[in-house]
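Understanding the architecture of this molecule
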Amino acid sequence: MKQYKIMDLFAGVGGLSYGFSILDDFKIVAANEIEEDIATAYSMNHPGVSVLNVDINDITEEYLKEHIGETKIDLVVGGPPCQSYSTLGKRKMDSRANLFMQYKRVLSFVKPKAFVFENVVGILSMDKGNLFKNVQREFEELGYVLKYQVLNAVNYGVPQQRERVILVGFQKFNPFTYPTPTHGKKLLPYVTLEDAIGDLPELKSGQERNRYTKEATNDFLKFVRKNNTTYLSEHLAPKNGAHLIKIMEALKDGEGKDDLPEEIRPKSGYGNTYAKLWWKKPSTTITRNFACPSSSRCIHPRDSRAMSIREGARLQSFPDDYKFYGPAGMKRLEIGNAVPPLLSVAIAKEVLKALNIWTETENNSK
């Protein structure tokens, strides 16, 4: 069977790779990730992939041949680190903001049929919109025909509001069609926190429990638990001080800092800090700070505590048997920076259709 060969740049823990890895028509042959612990985590979940744990600047045509031989790459996927583009960050035009040029450099010698470039929505407004226009110009210079669209993961069964820009390029012509939403108005209902983590045992601050409390009763739970039937990993509540516990217990479902009694209300922090998520709604966007109530809305609405690593992974739609590596803070970084696997599945299916159309058209034109 013909398999399209893939290289994943800025691969992280492998969220974007996931959707392609579960389809028989694709084979991921190489992935680049500079952080050693994150590269280890990627290898644990994608053991057949050649993981290049180096700075992308060090990846040359010769270096790549040393690791994957003469294998022809059909598709490059990935997105540069998003901190420079994020509306939550300082939005600086620093060296990281120009890492897309390294992505382009790799494309220039790999010459894949197509690529998928993923990033945060903030890239569209960076430098008054000029940065993204420049990104498009640079890729078009290599002969790629581009399409881009903002996709929200919540529309594809992920229990989280998470918007991402998905830029897809094909050589000569572009047959790619963006995936049709499956969840939302007049579609399947959005996956809520209750749907996504309601089978996980209740925890108090600092407590760990490792058994599910009920069967997988919805499609989301059947997906995340498909290879994991009994033992639950990474379900440990961060240990917090008495004052923070008092704050968390004083909040009702969906309430935030401004709803607290004045005598315990923190004097610093934004309106969405020291805030509970909604039990009957999807989560807000998960970041690496999903266990830190002073940095984001991340308090468990039922248990009045910070979220466990497993809960963060669930809200990103990682299956329960997906592995994370390193200290707790590193695992949260791996989760918070990832493309949600269910979103990657939706993208991968459409990329496969487009590659088949592209390949057939090219073969017929010869």
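All figures in this text were calculated on a predicted structure; none of them were measured in a lab. (Residues numbered from 1 in each chain as written. Predicted model: local features only at pLDDT ≥ 70, side-chain atom pairs only at ≥ 80, totals over all residues. Heavy atoms only, no water.)

Details of the side chain of E234
Its place among the elements puts E234 in the loop between helix 7 (219–224) and helix 8 (242–250). Side chain to side chain, E234 and K331 meet in a polar contact 2.8 Å long. Setting aside residues up to four positions removed in sequence, E234 forms contacts with S308, I309, R310, F324 and K331. (Helix = DSSP H or I, 4+ residues; strand = E, 2+ residues; numbered from the N terminus. Polar contact = N/O pair within 3.5 Å; in protein donor to acceptor, adjacent residues only side chain to side chain. Contact = heavy atoms within 4.5 Å.)

Some details on the nonpolar core
Judged by nonpolar contacts, the single largest core of 64 residues is most densely connected at F20, F26, L75 and V351. No other element matches helix 11 (residues 341–364), which puts 11 residues into this core. Once residues lying within four places of it in the same chain are set aside, the contact partners of F26 are Q3, Y4, I6, F20, L75, A348, V351, L352 and L355. One finds V54, V76, F132 and V165 within the second-largest nonpolar core, a separate group that totals 33 residues. (Core = buried A, V, L, I, M, F, W, Y, C linked by side-chain atoms within 4.5 Å. Buried < 20%, exposed > 50% of the residue type's maximum accessible area, 1.4 Å probe, protein only.)

Here we look at the pairing of strand 2 (residues 26–32)
Most of strand 2 is tucked away: 6 of the 7 residues are buried. Here strand 1 (residues 4–9) runs beside strand 2; their pairing, made up of 5 bridges, is parallel. Of the residues in strand 2, the one forming a bridge with M7 is A30. Read from strand 1 through helix 1 (residues 15–21) to strand 2, the crossover connection turns out right-handed. Where strand 2 meets strand 3 (residues 50–52), 3 bridges bridge the pair, whose relative direction is parallel. Residue pairing for strand 3: N32 is matched across the bridge by L52. Following the chain from strand 2 across helix 2 (residues 36–45) to the adjacent parallel strand 3, one finds a crossover that is right-handed. (Pairing = 2+ DSSP bridges. Right-handed = clockwise from strand over helix to strand, strands pointing away.)

A word on the confidence of the model for the protein
Residues at a pLDDT of 70 or more form 96% of the protein, whose mean pLDDT is 93. Every residue in residues 84–95 is under pLDDT 50, and counting partners more than four places away or in other chains gives 31 contacts. (pLDDT = per-residue confidence, 0-100.)

As for the environment of D219
Mapping D219 onto the fold places it in helix 7. With 62 residues separating them along the chain, D219 and G157 place their C-alpha atoms 9.1 Å apart.

So, helix 3 (residues 61–68)
All buried positions along helix 3 are accounted for by Y63, L64 and I68. Down the axis of helix 3, the smallest arc covering the buried residues is 110°, so these residues share one side. In this structure, helix 3 carries E62 and E66 as exposed residues pointing more than 90 degrees from its buried face. On its buried side, helix 3 packs onto strand 1, strand 2, strand 3 and helix 4 (100–110). Two residues or fewer past helix 3, G69 is found with a positive phi of approximately 65°. (Arc of directions from axis to C-beta.)

Topic: the layout of surface pockets
Its volume calculated, the second largest pocket comes out at about 710 Å³. With 3 residues, the top contributor of residues to the lining of the second largest pocket is strand 5 (residues 114–120). (1 Å grid on protein atoms, 1.4 Å probe; cavity = no way out; pocket = protein on both sides within 12 Å on 5 of 7 lines; lining within 4 Å. Points joined across faces, edges and corners; volume = space filled by probe spheres on them.)

Some remarks on the packing of aromatic side chains
As enumerated under the stated definition, the model contains 16 aromatic pairs in all. With a centroid separation of 5.7 Å and an interplanar angle of 55°, the aromatic rings of Y103 and F139 are classed as tilted. In this pair, Y103 sits in helix 4 while F139 sits in helix 5 (residues 130–141), placing the two residues 36 residues apart along the sequence. Summarising the burial analysis for this pair, Y103 and F139 share the class buried. Here the aromatic cluster, defined as three or more aromatic residues joined through ring pairs, consists of Y18, F223, F318, Y322 and F324. (Phe/Tyr/Trp six-rings, centres within 6.5 Å; stacked < 30°, edge-to-face > 60°.)

So, the packing of helix 2 against helix 10 (residues 328–336)
Where helix 2 meets helix 10, the closest approach of the two axes is 10 Å, and the angle between their N-to-C directions is 65°. Judged by the angle between their axes, helix 2 and helix 10 are roughly perpendicular. Two packed elements cross with a definite hand, and for helix 2 against helix 10 that hand is right-handed. Side by side, helix 2 and helix 10 meet where D37, I38 and A41 of the first sit next to M330, L333 and E334 of the second. (Axes fitted to C-alpha atoms, helices over the stretch in contact; angles between N-to-C directions. Parallel < 35°, antiparallel > 145°, perpendicular 65-115°, else oblique. Left-handed = near helix turned anticlockwise from the far one by under 90°.)

Here's the deal with the packing of helix 4 against helix 5
Interhelical geometry of helix 4 versus helix 5 gives an angle of 10° and a closest axis separation of 10 Å. With respect to helix 5, the axis of helix 4 lies roughly parallel. Packed against helix 4, whose contacting residues are F100, M101, Y103, K104 and L107, the element helix 5 presents L131, N134, V135, E138, F139 and E141 at the interface. Here the residues of the contact of helix 4 with helix 5 are counted per class, giving 7 nonpolar, 1 polar and 3 charged. (Nonpolar A, V, L, I, M, F, W, Y, C, P; charged D, E, K, R; others polar.)

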